[in-house]
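Okay, here's what each chain looks like letter by letter:
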Amino acid sequence: MKIHPLAYNRETGRDYWRSLDELADNAEFRHWIEQEFPGGLDQLNTPSRRHFLKIMAASFALAGWSGCERAPEDELVPYVREPRGMTPGRPLTFATALTRSGYACGVHVTSYEGRPTKIEGNPRHPASLGATDVFAQAEILSFWDPDRSRAVVGPNGIASWSGFLRELQARLVQHGAHAGHGMRLLTGNITSPTRLALIESLLKRFPEMRWHVHDPLADHNESSAIRQVLGRPARLIHDLSSAERILSVDCNFLFDLPGSVRYARDFASKRKIDTEQAASQEMNRLYVAEVTPTTTGAKADHRLRTHPSLLAPFVEALAVELGVEEGNRNQADRLDAKTRTSVQATARDLATFPKRSVVLIGRGQPPRSHALGLAINEKLDAFGKTVRLIPPLCAAGNDAPESLNELAQDMAAGDVETLLMIDVNPAYSAPQNLAFPEHLKKVEFAVHMGLHANETAEHCRWHIPLAHELESWDDARAFDGTVTILQPLIAPLYRGRTANELLANLVGETLFDAKDLVRQRWRREVPEGDFEDWWHDALKDGVIPDSASLPLDARIDVGRGIAQPESLDSHPSDTTDGGLELVLLPGSRMWDGRYANNAWLQELPDPVTGVTWDNAALISPSTAGRFALKTGDVVAIRCAEVEVEAPVFVLPGQADDVLSLALGYGRSAGGPVAQGVGVNAYPLRTAETTWHRKGVSIQKTGRTQVLAQTQNHHVMEGRDLLRRGLLSEFRSDPWQLAHEGGRKPAPLVSLYPPHSYPGQQWGMSIDLTSCIGCGACTIACQAENNIAVVGREQVHLGREMHWIRVDRYFAGQPEDPAILHQPVPCMHCEDAPCELVCPVGATQHSHDGLNEMIYNRCIGTRYCSNNCPYKVRRFNFYRYTEYDSETRKLQRNPEVTVRARGVMEKCTYCVQRIRNAEIDARKENRQISDGGIVTACQQACPTQAIVFGDINDKATAVSQAKQQGHSYAMLRELNVRPRTTYLAEIRNPNPALASSGDARAERSGTAGNS
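Residues numbered from 1 in each chain as written. Predicted model: local features only at pLDDT ≥ 70, side-chain atom pairs only at ≥ 80, totals over all residues. Heavy atoms only, no water.

### Points about empty space enclosed by the protein
Under the definition given, this model contains 13 cavities of 30 Å³ or more. Roughly 1000 Å³ of volume is contained in the second largest cavity. Lining the second largest cavity are 49 residues, with Asp 423, Val 424, Leu 451, Leu 466 and Arg 594 sitting closest to its centre. For the lining of the second largest cavity, the secondary-structure elements that each account for two or more residues are α3 (134-143), α14 (426-429), β16 (445-450) and β18 (474-477). Examining the composition of the lining of the second largest cavity, we find that 3 residues originate from one element, β18, more than from any other. Of the residues that constitute the lining of the second largest cavity, the class distribution is 15 nonpolar, 23 polar and 11 charged. (1 Å grid on protein atoms, 1.4 Å probe; cavity = no way out; pocket = protein on both sides within 12 Å on 5 of 7 lines; lining within 4 Å. Points joined across faces, edges and corners; volume = space filled by probe spheres on them. Helix = DSSP H or I, 4+ residues; strand = E, 2+ residues; numbered from the N terminus. Nonpolar A, V, L, I, M, F, W, Y, C, P; charged D, E, K, R; others polar.)

What follows is the structure, given as structure tokens:
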């Protein structure tokens, strides 16, 4: 493979590359980067441009090819009588929570005149601490989605809620005579105390009724192991704020666990390094063993790329090395010598930090591995420190996947007469061999309650619109048990009902109001005279104090019910029949499929592959070579009797002889955005094999599919953009990581006159050590600044509109590279190249040094984008913004201009937030405090990687960050003096492992683990 000379800098020893095409420097890549605007206007002359007319109904952009046009005008109607507690133009903020898989994340929601427009984390809530993830940020778009269910639909079409209740009550009378025999309830994971109490009452009213729980991404293996080694159900949670050594075995804990936002914050807090205290400051160390690169693996100091069949032996070997009696040495001996060396060094490092080490096991690992993980944590004396066991938060015990199997069998036998399904989609996500859609047709009275008329609703007699959480009264527990009262921001848009209201009708409650149901539940917990004050404080704070679950005092007994592993197949490298193993993953953007109709998430690049609007079968470069495959080739994946066709994506760092495919795509219902996007991987699941399938074969179909991936977009070719190094290097000389010669660089000489800012001078610093590449900043910026989506075809042409992108780089060899992320917003250069070339002065400097865009002046020459070395400007080639949907209009931030076609746009440092803070400070006759202005990207970041403030004030956090030895300006040699700077990434590899590898591996943080 030819390596482009600019991809490897011989002077610095850095070898960063963004894709295999860039590393090989092939003709396609050269053609791409030689165009200033990739996929330029010449492509508009092809017939394919007419396919652009598909994009946004709820969330898409409706494209137009119609000359220069003005945005539609709206009539403004003033208040006749101003509502109490509301000042026009001034937003109100309310505390509530959003749930995913039942677990709550506390949020603050900004509302303008009764319109929720932005979601932020609640600083008081233990699951968020003021931050969010991509799903919470994008939820505001899901809320205003015009494709949500708008009416009750019955057997004869659109019906009414009262009509449904009449038929339901008649059914209940029939079932009441038989104690509920033939009645079933199917829900997702529930942590709501109010809802659990209603279900408990329902089961008492109908003793023969059965309640089933279906969460396609539930960690049944962990819960099963806990129940067996403890003798009772429990939940496992972690405290990474005190963990000095962390081992993750197939566990993407920085992204896809119920407490991931909090875990990311705690993990990053142990990696903050200060120049002055570097000699004495400790930094945690992360070991990761995984099959497919993840956001957690990307941050690892040592990442072990391994086949899925060797992960269980890895855990066995670690248990043996640490002296856990239940460890199986025969299984440990299956590992090669290099991996055994890695296990030994990792075990010694973990044992060196008793009470401050932790081992996390992923949902795809068998119960025995989870049990051994518990035993290892007990051996490390981690319980009560970095690990806690708490009582289960769902009374049904969602650790029983057999529950859905039993329901399917009973439906097939005709034993289910009435089935109520609340916010689940088993017709789409149930294992293939359960044949759930076929059996559902045999149920006489099937009811589906959900936000969308999805695949399950199509097979039901009744479909009931579910109220969104932002328009509901409810309660829910966080990952640690902390309870939040959910309060609505607005009346239900489409007259949706809450799950509690439906359950209350089933129970026969006299109360049917959602708010009264929640108040009644919590009134029993508080003395009568104190309830109103307590209720007010609970709503205001967004948390119920002292409601977190208390830890259990339990002893781990791995020998209780956990069988020794059976003899496993031969080492994957010994296979000669070409067989592969399939790994199924939670969708990094779609989750289990519930976000498929959200265009913000569809268009957000995957943090590792950079692919948008699709999922693909991930395959290693070596395996791709063996099958003569390249990215975009469509293959038929066959498991037993099931065959699924999917495009291939060749991914560096993927384990050999393994295919990985994300769940949540390939929807056939649930909204026009969701339908037909990606490949449905659920048919590859069975009730017995949820996450891994062996004996998989692939065959080329001869077809190719263009994947809309962003990894080669906005390439700043060959320049030294990333800086990284080791903790040992930083301690010896903090300046050497970011500056040649290991010294503070002297100011560059400029022909421009010096700038003077007597007041504030705003700037930003981004810590690459903390950044996990999750993309929360990108979605937060999109929600705050009314940024449109453009659709798959336009992304393929390089025209995505995101104002802040997260570049992903590889370093090292393609088989097992290090993975690095770098967020890139507008740099707000002091001597901005874009300002010099604008013929109409649309881009200029403000009084406090911001690089501003005046949209009304822009005539679309795009000279500024051509002259920007950072490639951070975005041009509206079409009318991407959709003006026709009334709900989409209500979703937009009224303080930010909605841009029309033909103008350039970019990051503004959230200037609307700056100006509001300045106005408030002047009115109150005070100075703006440090932290008084928080940009949208900064506020959303779960790891606090972004710092913003006044760089004229040397006491501010941003000024202090810019004084760090590893602080650097991207492309400093151009002397454009960017306001946004970076802190070089620091990693902390184990010297025992680094010494066993070469210098490249040591610098990449993968030494001894290839």
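### Details of the packing of helix α16 (residues 499-507) against helix α17 (residues 514-523)
Where α16 meets α17, the closest approach of the two axes is 9 Å, and the angle between their N-to-C directions is 80°. Comparing the axis directions of α16 and α17 gives the class roughly perpendicular. Judged by residue contacts, Asn 500, Glu 501 and Ala 504 of α16 engage Ala 514, Leu 517 and Val 518 from α17. Here the residues of the contact of α16 with α17 sort into 4 nonpolar, 1 polar and 1 charged. (Axes fitted to C-alpha atoms, helices over the stretch in contact; angles between N-to-C directions. Parallel < 35°, antiparallel > 145°, perpendicular 65-115°, else oblique. Contact = heavy atoms within 4.5 Å.)

### Concerning the sheet that holds strand β12 (residues 302-305)
The parallel open sheet is built from 4 strands, whose spatial order is β12-β11-β10-β13. Strands at the two margins of the open sheet, each flanked by one partner only, are β12 and β13 (357-361). Taking each pair of neighbouring strands and ignoring which way they run, the sheet shows an average axis angle of 10°. Looking at chain direction, strand β10 (residues 245-249) and strand β11 (residues 285-290) are connected through 5 bridges and run parallel. Residue pairing across strands places Arg 245 opposite Arg 285, the latter belonging to β11. Seen against the sheet, helix α9 (residues 311-321) touches β10, β11, β12 and β13 and runs at an angle of roughly 145° to β10. Together, β10, β11, β12 and β13 form the strand contacts of helix α11 (residues 337-351), whose direction differs from that of β10 by roughly 140°. (Pairing = 2+ DSSP bridges.)

### Describing the pairing of β13
Residues in a regular strand point their side chains to alternate faces of the sheet. In terms of residue burial, β13 counts as a mostly covered element, since 5 of its 5 residues are buried. A two-sided burial pattern is seen for β13, the buried positions comprising Ser 357, Val 359 and Ile 361 on one face and Val 358 and Leu 360 on the other. Where β10 meets β13, 5 bridges bridge the pair, whose relative direction is parallel. Across the sheet, the residue bridging to Ile 246 is Val 358, located in β13. (Buried < 20%, exposed > 50% of the residue type's maximum accessible area, 1.4 Å probe, protein only.)

### With respect to the sheet that holds strand β4 (residues 115-121)
Judged by pairing direction, the sheet is antiparallel, and its 3 strands sit side by side in the order β2-β3-β4 without closing on themselves. On the outer flanks of this sheet lie β2 (92-100) and β4, each paired with one strand and no other. Averaged over all pairs of adjacent strands, the angle between strand axes in this sheet comes to 40°, irrespective of strand direction. Both β2 and strand β3 (residues 103-112) contribute to a ladder of 9 bridges, which runs antiparallel. Following the sheet pairing, Arg 100 is matched in β3 by Tyr 103.

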